[in-house]
Amino acid sequence: MQHLMSGITHKKLKQRETDVGLDVIEVDNQFCNAVIAVQGAQVLHYQQKHKAPVLWLSEAHRFQPTKAVRGGIPICFPWFGGHPTQPDLPSHGFARNRLWQLQDVTVQDDEHLLLFQLDSSDETYALWPHHFQATLQVRLGAQLQLTFSVLNKDQHAFDFSFALHSYFNIQDIHQTQVRGLLNTPFLDQLNPEKGDQQCEAQPISFTAEMDRIYQQAQGSYQIVSPLEAPIHIESTGCSSVVVWNPWAEKSARLGDIATGAWQNMLCVECGCVAAATVSLAAGQRIEYQMAAFRD
Ligand code: TA6
């Protein structure tokens, strides 16, 4: 265990003693506690002091190299879902499975700022033939604030899609609603034949597996329930929102969600996916923000 600076601890996270484990950074300051894995620059835990955790992390997950942890905020990049033309490539891109570089750790007004970076390499070029630099700044204060950026280091434009695949911690999916997506067009990935212009005039509630991609989303959402304080999600630049709960059958198929634990998680994923795929000109850099916190 290594103390990098006050409030910061570097350690290995293992589910079982035999696991190789993952290098993580733990942060404890006056506002919050957090854990971030170097693999995937994946925020695994964020909890404001004296409040319930904001993020959900599967208790059934093995912490092993090259496989994204089930929970927290995996970064889906440079594509979302299955690869558009090569189905054998990893789902949700490769960024979440690769080791990022922890470039900088600073403290501002007792808020910790961690800067992670992923540069293209021969390995990534074999999967996605572009030169890029991605960064994630994690600001840990009374809010969890993420800034995700992509720099095109190619001589030509390239297209990418991404999502901050956030798993939020809830008491009971049956009593939970998502607000902020009224009358917003969505594609139901479970019934794609219905097209991408469905919309609803009431908050989203859950009675079965849900896997929807909302587009032209406004950037301010709340996860509400009579059982707990609301979770607020504020994003900038992310025109898509994916709302997903696997329900019982799919979570059993996934194999890394404990029985019944699907009732305590809900994904609200800010990004630019599907029809909102981004075209980035050579030499250009684009950035996106997302903040999450409990009342
Ligand atoms: O974001 C929703 C989704 O695309 C679902 O279809 C489901 O596949 C989920 O992501 C989890 O994907 P993963 O590859 O992490 O198991």
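Residues numbered from 1 in each chain as written. Predicted model: local features only at pLDDT ≥ 70, side-chain atom pairs only at ≥ 80, totals over all residues. Heavy atoms only, no water.

## A word on the pattern of salt bridges
Working definition: two side chains of opposite charge can pair if their charged atoms are close together.
Here's step 1: Scanning the model with the defined rule gives twelve salt bridges in all.
Here's step 2: Here Glu123 and Arg98 are joined by a salt bridge, their closest N and O atoms 3.9 Å apart. Of this pair, Glu123 sits in helix α1 (residues 122–127) while Arg98 sits in the loop between β6 (75–76) and β7 (101–108), and the two are 25 residues apart along the sequence.
Here's step 3: A salt bridge links Glu111 to Arg139; the nearest nitrogen and oxygen atoms lie 2.5 Å apart. Placement of Glu111 in strand β8 (residues 111–119) and of Arg139 in strand β9 (residues 132–140) is noted, with a sequence separation of 28 residues between them.
Here's step 4: You can call Arg139 buried: its relative accessible area is 17%.
Here's step 5: Here the residues in one salt-bridge network are Lys67, Arg70 and Asp256, joined through shared partners. (Salt bridge = Lys/Arg side-chain N within 4 Å of Asp/Glu carboxyl O. Helix = DSSP H or I, 4+ residues; strand = E, 2+ residues; numbered from the N terminus. Buried < 20%, exposed > 50% of the residue type's maximum accessible area, 1.4 Å probe, protein only.)

## Quick notes on the site of the ligand
Here's step 1: By nearness alone, every residue bordering the ligand is listed as Arg70, Phe80, Ser91, His92, Arg96, His165, Asp211, Val242, Trp244, Lys250, Leu254 and Glu269.
Here's step 2: Within the side chain of Asp211, one N or O atom sits 2.6 Å away from an oxygen atom of the ligand.
Here's step 3: Glu269 is positioned such that a nitrogen or oxygen atom in its side chain is 2.8 Å from an oxygen atom of the ligand.
Here's step 4: Summarising the interface, the protein chains cover 83% of the accessible area of the ligand, which totals 390 Å² for the free molecule.
Here's step 5: Of all elements in the fold, only β20 (240–245) and α2 (247–254) reach the threshold of two or more residues within the shell around the ligand. (Near = heavy atom within 4 Å. Polar contact = N/O pair within 3.5 Å; in protein donor to acceptor, adjacent residues only side chain to side chain. Areas by Shrake-Rupley, 256 points an atom, 1.4 Å probe, with all protein chains shown as cover.)

## Quick look at the confidence of the model for the chain
Here's step 1: Residues with a pLDDT of 70 or more make up 99% of the chain, whose mean pLDDT is 95.
Here's step 2: Across the chain, the secondary-structure element scoring lowest on mean pLDDT is strand β1 (residues 2–5), at 60, and the one scoring highest is strand β10 (residues 144–152), at 99. (pLDDT = per-residue confidence, 0-100.)

## As for the packing of aromatic side chains
Here's step 1: Tallying each qualifying case throughout the model produces 16 aromatic pairs.
Here's step 2: With a centroid separation of 6.1 Å and an interplanar angle of 40 degrees, the aromatic rings of Phe94 and Phe132 are classed as tilted. Taken together, the residues Phe94 in the loop between β6 and β7 and Phe132 in strand β9 connect sequence positions 38 residues apart.
Here's step 3: Owing to a relative accessible area of 2%, Phe94 belongs among the buried residues under this scheme.
Here's step 4: The rings of Phe77, Trp79, Phe94, Trp128, Phe132, Phe148, Phe158, Phe160, Phe162 and Tyr288 are connected pair by pair, giving a single aromatic cluster. (Phe/Tyr/Trp six-rings, centres within 6.5 Å; stacked < 30°, edge-to-face > 60°.)

## Some words on the nonpolar core
Taken as a class, soluble globular proteins show a tendency for nonpolar side chains to be buried jointly.
Here's step 1: Membership of the largest hydrophobic core comes to 68 residues, with the highest contact counts inside it found for Phe77, Trp100, Leu140, Phe148 and Phe160.
Here's step 2: The dominant element in this core, judged by the number of residues it contributes, is β9, at five residues.
Here's step 3: Once residues within four sequence positions are removed from consideration, Phe160 is found in contact with Phe77, Pro78, Trp128, Val150, Thr277, Val278, Leu280, Ile286 and Tyr288. (Core = buried A, V, L, I, M, F, W, Y, C linked by side-chain atoms within 4.5 Å. Contact = heavy atoms within 4.5 Å.)

## Quick notes on the sheet that holds β9
Here's step 1: Read across the open sheet, the nine strands follow the order β7-β8-β9-β10-β23-β19-β18-β14-β16; overall the sheet is antiparallel. Strands with a single pairing partner mark the edges of an open sheet, and in this sheet they are β7 and β16 (204–205). (Pairing = 2+ DSSP bridges.)

## Remarks on unusual backbone geometry
Leaving glycine out, the prevailing phi sign among residues is negative, and the prevailing peptide bond configuration is trans.
Here's step 1: The omega angle of the peptide bond from Phe77 to Pro78 is 5 degrees, so this bond is cis rather than trans.
Here's step 2: Structurally, Pro78 can be placed in the loop between β6 and β7.
Here's step 3: Phi at Gln216 takes a positive value of approximately 55 degrees, unusual for a residue other than glycine.
Here's step 4: Structurally, the position occupied by Gln216 is in the loop between β17 (210–214) and β18 (220–225).
Here's step 5: For Gln216, a relative accessible area of 52% gives the class exposed.
Here's step 6: In this structure, Ala274 takes a positive phi of about 55 degrees despite not being glycine.
Here's step 7: Mapped onto the secondary structure, Ala274 falls in the loop between β21 (265–272) and β22 (278–280).

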